[in-house]
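# Working through the structure, step by step
Take a look at the letters that make up each chain.
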Amino acid sequence: STKDHLYYLRQALELARESPPRPTNFRVGAVIISNPLSEGASPTILATGYTLELPGNTHAEQCAIAKLAIEHGISETQLHTILPQEMNATLYSTLEPCGRRLSGNLSCVHRIIATRNKTPGISRPKDTGSEGGIRKVIFGAKEPSTFVGESESCRMMDEAGIEWEYVEGLQDKILQVAKEGHPAVHTSGTNVDDMDDAERRRQ
Ligand SMILES: Nc1nc(=O)c(N)c(NC[C@H](O)[C@H](O)[C@H](O)COP(=O)(O)O)[nH]1
Ligand SMILES: [Zn+2]
């Protein structure tokens, strides 16, 4: 339910606050939970991550996925062996996972797809249970167009048969945390350093 979703998005937002502010990316937090389909089983947190947590130019979702694989001593493409379908692994991210990165690094949507037992080139009907790994992605804010313009992430997840859901309620706070470290935009509208001298003198 939305209440549970907001509970985990709040946890992810707390993680995002751990991220060092940079003008070149967003501060994001991610939580991977098992949310078993079987009756009465309770969800458990499997891994967490925040932007730049692991060395290098790392994203929150990337860190959570990498940490889970490291913890089990397996590669990220083998995560479906510890995330069977009945575990219904779900990734919560404060911001929509990236579909493209200005750095050219592998996007988080591709990393999420790689956790599933998808033999490249063999397309199974969507409902086959054998595709474990991360089955659902829930995020609390759409990615602003700052870096890559219109995000293709949701279309890419649809094509990969990964369920996703944008849960509203925390988006303002999430974006405020995400953009800390970005150049301030003067509320007066035009950014002072964008003005020409004549206009600046008139201020
Ligand atoms: N979902 C998400 N999680 C993150 O941890 C993070 N930093 C971003 N940020 C998205 C933004 O589009 C990219 O940060 C820029 O495109 C620059 O790309 P790099 O981060 O340098 O690879 N998005
Ligand atoms: Zn990413």
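The structure we're discussing is the one just above.
Keep in mind the model is a prediction, meaning the values are calculated, not measured. (Residues numbered from 1 in each chain as written. Chains lettered and ligands numbered in written order. Predicted model: local features only at pLDDT ≥ 70, side-chain atom pairs only at ≥ 80, totals over all residues. Heavy atoms only, no water.)

## Focus: helix α2 (residues 60-72)
Because each turn of an α-helix spans 3.6 residues, side chains separated by three or four positions in sequence point in the same direction. If you check α2, its first and last C-alpha atoms are 19 Å apart, about what 13 residues at 1.5 Å a residue would give, namely 18 Å. Within the span of α2, buried status applies to Ala60, Glu61, Gln62, Cys63, Ala64, Ile65, Ala66, Leu68 and Ala69. Contacts from the buried residues of α2 go to β1 (29-34), β2 (44-50), β3 (89-93), α3 (108-114) and β4 (134-139). Residue Gly73 follows α2 closely and has a positive phi angle near 65°. (Helix = DSSP H or I, 4+ residues; strand = E, 2+ residues; numbered from the N terminus. Expected span 1.5 Å × (residues − 1). Buried < 20%, exposed > 50% of the residue type's maximum accessible area, 1.4 Å probe, protein only. Contact = heavy atoms within 4.5 Å.)

## Some details on the side chain of Ser153
The residue Ser153 is located in helix α4 (residues 153-159) in this model. The buried category is assigned to Ser153, whose relative accessible area is 0%. If we skip the residues at most four places from it in the chain, Ser153 touches Glu96, Pro97, Cys98, Gly99 and Val109.

## A closer look at the pairing of β4
Side chains on a regular strand alternate between the two faces of the sheet. Taken across its six residues, β4 has six buried, putting it largely inside the fold. In terms of strand pairing, β3 meets β4 through five bridges, oriented parallel. By the bridge assignment for β4, Leu91 is matched with Val137. Alignment of β4 against strand β5 (residues 163-166), held across four bridges, turns out to be parallel. Directly across from Lys136, in β5, lies its bridge partner Glu163. Between the parallel pair β4 and β5, the chain is carried across by α4, and the sense of this crossover is right-handed. (Pairing = 2+ DSSP bridges. Right-handed = clockwise from strand over helix to strand, strands pointing away.)

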